[in-house]
Structures are given as structure tokens and as C-alpha cells.
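Below, each chain spelled out in residue letters.
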Amino acid sequence: YPLCALPPTTEEETHCTFGPNYGGPSYTYICFLGGGKGPDGGAHGPWDDPEYGFFIPLKYVTETLGWATINRAGLSLMFHINTGCMADDHTIRAFWAGEKRLMYPENLPCNTPGTGCAMKDPNCGCSLPLPRGGEDTCENCAPNGGDGR
């Protein structure tokens, strides 16, 4: 399979060097953003169920989406773009393969176009839920330079 033709050789190729919603078009690796449980059982994302996230460069999106949808083995998969408005990216702009799962958009830190979290902390160093929910933005969300650094 082309995406797996060469094994990763550095941590940069397996673990993202940035946090949620921060990787941009010039970051060329598929990388692991981390995972865990949501607001009732851990510090990763807006989910009640276990969740694991990956950054997929644009040139691999079609191939990855097709492969993952066919080979999901009963898992629920959610795919989304990164506009900087995490609440809408995870709700109205998301594509699901399998059962759509319950989530809490007020536990997403960056909701300003063109921003993301440069730090690897999935909460972006902020207390969640945000006071105004998905309309609010964490003070640590930074303009996304597009290179994931």
C-alpha cells in the first residue's frame, strides 16, 4: 500500500510536533496527534468514547479516507478539515463513517478562523469547557503558520 511503502524513520514522522488544528499544508507527514478519553475520563478532546487523532496531509486525504472507511472494522470514524473553528469542524463540517458519536464542542479550545494549538496539550493550556462554548476561543490558540512548528 503506497502510504506504508516506507516505514517512519523519525518521531516527527509518527508523532505530530504540534497540537490540535495546527498542522497546515506545508507539513508533509501523516502523524499521530494522540488520544484518550473525553470530559468524563481524561484530557483528550470532546469525547466520551476513546478517541485517537491523526493529521493527514491534503495529498493523502482521498486515499486515507477511502482505505479507512473500507477497513474500519466496526469502528466509528470521523474526518474533518482544520479551518481554525474546531467546534464547527467537528460538527457541521465533519464526515462520519459508522455511528456518529456524542461529543462536547465546548471542550474544543480554538474557535477563531486560521488558528490552532501549537502546543501538544489537547486543551491548549486552557480550562475547558469554554465559558461561551463553541463560540469562544482559548487564549493560547495561535495563528497557524501552516508548517506545524
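Computed from a prediction, not measured in an experiment: that's the story for all the values here. (Residues numbered from 1 in each chain as written. Predicted model: local features only at pLDDT ≥ 70, side-chain atom pairs only at ≥ 80, totals over all residues. Heavy atoms only, no water.)

This next bit is on the overall build of the protein. For the protein, the helix and strand inventory stands at 3 helices and 6 strands. Across the protein, helices and strands are ordered from the amino to the carboxyl terminus as α-β-β-α-β-α-β-β-β. For the protein, the proportion of its 149 residues judged to be buried stands at 36%. Sequence separation of at least 24 residues holds for 53% of the intrachain contacts in the protein that already meet a minimum separation of 6. Put simply, the protein shows about 8,400 Å² of open surface, and 59% of that area lies on carbon and sulfur atoms. (Helix = DSSP H or I, 4+ residues; strand = E, 2+ residues; numbered from the N terminus. Buried < 20%, exposed > 50% of the residue type's maximum accessible area, 1.4 Å probe, protein only. Contact = heavy atoms within 4.5 Å. Areas by Shrake-Rupley, 256 points an atom, 1.4 Å probe, with all protein chains shown as cover.)

In this structure, W47, M78, W96, C110, C124, C138 and C141 are the most contacted members of the largest nonpolar core, which totals 14 residues. Dropping the residues within four chain positions of it, W96 is found in contact with W47, S76, L77, M78 and R101. Of all hydrophobic cores here, the second largest spans 6 residues; its members include C16, F18, Y22 and F55. (Core = buried A, V, L, I, M, F, W, Y, C linked by side-chain atoms within 4.5 Å.)

Here the focus is the packing of aromatic side chains. For any two aromatic rings, the description comes down to two numbers: the centre-to-centre distance and the angle of the planes. Evaluation of the coordinates by the stated rule reveals 4 aromatic pairs. Centre to centre, the rings of F32 and Y52 are 6.5 Å apart; their planes meet at 20°, and the pair counts as stacked. Here F32, found in strand β1 (residues 31-36), pairs with Y52, found in strand β2 (residues 51-55); they are 20 residues apart in sequence, far enough to count as distant. A relative accessible area of 24% means that F32 is categorised as partly exposed. An aromatic cluster is built from F32, Y52 and F54, whose rings are joined through pairwise contacts. (Phe/Tyr/Trp six-rings, centres within 6.5 Å; stacked < 30°, edge-to-face > 60°.)

Right, let's get into the side chain of T115. Position of T115 relative to the elements: it lies in strand β5 (residues 115-116). Here the side chain of T115 touches T112 through a polar contact of 2.7 Å, landing on its backbone oxygen. When sequence neighbours within four positions are dropped, the list of residues in contact with T115 reads N21, G84, C110, C141, A142, P143 and N144. (Polar contact = N/O pair within 3.5 Å; in protein donor to acceptor, adjacent residues only side chain to side chain.)

Scored by pLDDT, the protein comes out at a mean of 80, with 82% of its residues at no less than 70. Segment residues 1-7: pLDDT under 50, and 8 contacts once partners within four positions in sequence are set aside and those in other chains are kept. (pLDDT = per-residue confidence, 0-100.)

Right, let's talk about the pairing of β2 for a bit. Consecutive side chains of a regular strand alternate in pointing toward one face of the sheet and then the other. Residues E51, G53 and F55 line the buried face of β2, whereas the alternating positions Y52 and F54 sit on a face that is not buried. Where β1 meets β2, 5 bridges bridge the pair, whose relative direction is antiparallel. When the bridges of β2 are listed, G36 appears paired with E51. (Pairing = 2+ DSSP bridges.)

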